[in-house]
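An overview of the molecular structure
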Amino acid sequence: MKSKLIIMGVISMLCSIIGCTAKAEGFKSVGVEEFEQAIADTSAIRLDVRTADEYAEGHIAGARNMDVLRSDFASNTSQLPKDKTVCLYCRSGNRSKKAAAILSRQGYNVIELSTGYKGWVNKGKPVVK
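First things first, this report covers the structure right here in the doc. All values reported here derive from a predicted model rather than from experimental measurement.

What follows deals with the environment of Cys90. On the secondary structure map, Cys90 appears in the loop between strand E4 (86–89) and helix H5 (94–105). Residue classification places Cys90 among the buried residues on the basis of a relative accessible area of 1%. Residues Cys90 and Arg50 lie 40 residues apart in sequence; the distance between their C-alpha atoms is 5.2 Å. Beyond its immediate sequence surroundings of up to four residues, Cys90 is in contact with Val49, Arg50, Arg95, Ser96, Gly116 and Tyr117.

In structure tokens:
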């Protein structure tokens, strides 16, 4: 009985932690396969949040470039329609989490590629150069 209570307490604590994390982030971070499924939806917006030079070296087909490091990033995102899912990525997944948080706070439904463009390329997925 005592071990059952401990297990239930641990499960409850984990649910609380997971729930808080999901609300704090406000976006979905996914791997390559799930991202590929998300961008297969032709109504989804593909967004590359790397620099223009990085984008020019190669990007996912159909991706629009908006550099998250630019001071005008948050104001420029207002041109994106809020009724469409925004699927975004950066080089390795760090900047895209920042961009995803900004867009989520602005009311967008966001899916972020956790491994970034490097993860996409490493899985042999197609790119535009």
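There is more to say, and it comes next.
All right, on to the pattern of salt bridges then. Within this structure, the stated rule accounts for 7 salt bridges. Of the charged contacts, one joins Glu33 and Lys123 as a salt bridge, the two residues approaching to 3.7 Å between their closest N and O atoms. Of this pair, Glu33 sits in helix H2 (residues 32–39) while Lys123 is found in the segment after helix H6 (116–122), placing the two residues 90 residues apart along the sequence. One salt bridge connects Arg95 with Glu54, and the closest N-O pair in it is separated by 2.9 Å. Here Arg95 is found in helix H5, whereas its partner Glu54 is found in helix H3 (residues 52–57), with 41 residues between them in sequence.

Scoring rules and cut-offs
Residues numbered from 1 in each chain as written. Predicted model: local features only at pLDDT ≥ 70, side-chain atom pairs only at ≥ 80, totals over all residues. Heavy atoms only, no water. Helix = DSSP H or I, 4+ residues; strand = E, 2+ residues; numbered from the N terminus. Buried < 20%, exposed > 50% of the residue type's maximum accessible area, 1.4 Å probe, protein only. Contact = heavy atoms within 4.5 Å. Salt bridge = Lys/Arg side-chain N within 4 Å of Asp/Glu carboxyl O.

These values are about where atoms sit, not about what they do.
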